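Residues per chain, in single letters:
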Amino acid sequence: MPYVNSDWKGEVIPVMDLAGAALSTTGWSCEMHIRSAAGVSPALLILTTAAGTLLVGQATTYGSTNGIAVNVPAASMIMTPQSFVWDIKRTDGGRDEWVIGGTGLFEQPATVIGMS
């Protein structure tokens, strides 16, 4: 099965509280874990604010500082086409909190695709 590059650079994920209000992510440290299925370890890929692969405090339609942006070009996202799950863990200030997650799909036969 061919590998697929997905250019996530600039994709911004809004972060909301349980009541649906936008949270400011400015100053957060985070990790995004991409897995083949929920709970699978190890993760296929881990993106972090420390490595510059996640950017916090980004603008979304909900607020000017409540997003987390993926900062990964397609060349770094070579993965077998499949469904995957992603989750973001907040790590600043000694935290170890999973704050948001979702699902996605790398599809064939495209060789360079965006999120779907």
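Residues numbered from 1 in each chain as written. Predicted model: local features only at pLDDT ≥ 70, side-chain atom pairs only at ≥ 80, totals over all residues. Heavy atoms only, no water.

S.K.: Now, about unusual backbone geometry: what can you tell me, with residues and values included?
M.R.: The omega torsion across Ser41 and Pro42 is 5 degrees, close enough to zero to call that bond cis. Inspection of the secondary structure assignment puts Pro42 in the loop between β3 (30-35) and β4 (45-48). (Helix = DSSP H or I, 4+ residues; strand = E, 2+ residues; numbered from the N terminus.)

S.K.: Outline the pattern of salt bridges, supporting the account with residue identities and numerical values.
M.R.: If you walk through the whole model with that rule in mind, you get six salt bridges. Measuring nitrogen to oxygen at the nearest pair gives 2.8 Å for the salt bridge that ties Asp92 to Arg95. In this structure Asp92 comes out as buried when scored by relative accessible area, which is 12%. Taken together, the shared-partner salt bridges in this structure form one network comprising Arg90, Asp92, Arg95 and Glu97. (Salt bridge = Lys/Arg side-chain N within 4 Å of Asp/Glu carboxyl O. Buried < 20%, exposed > 50% of the residue type's maximum accessible area, 1.4 Å probe, protein only.)

S.K.: Explain the environment of Asp87 to me, and be specific about the residues and the numbers.
M.R.: Mapped onto the elements of the fold, Asp87 is located in strand β8 (residues 83-90). Considering only alpha carbons, one finds Asp87 and Thr103, 16 residues apart in sequence, at a separation of 8.7 Å. In contact with Asp87, other than residues within four places in its own chain, are Glu31, Met32, His33, Arg35, Trp98, Ile100 and Gly101. (Contact = heavy atoms within 4.5 Å.)

S.K.: Residues and numbers for the side chain of Arg90, please.
M.R.: Secondary-structure assignment places Arg90 in strand β8. On the basis of relative accessible area, Arg90 is assigned to the buried category, the value being 14%. Within polar-contact distance, the side chain of Arg90 engages the side chain of Asp92 at 2.8 Å. Beyond its immediate sequence surroundings of up to four residues, Arg90 is in contact with Trp28, Ser29, Cys30, Arg95, Asp96, Glu97 and Val99. (Polar contact = N/O pair within 3.5 Å; in protein donor to acceptor, adjacent residues only side chain to side chain.)

Everything listed here is a matter of coordinates, which is why it stays silent on function.
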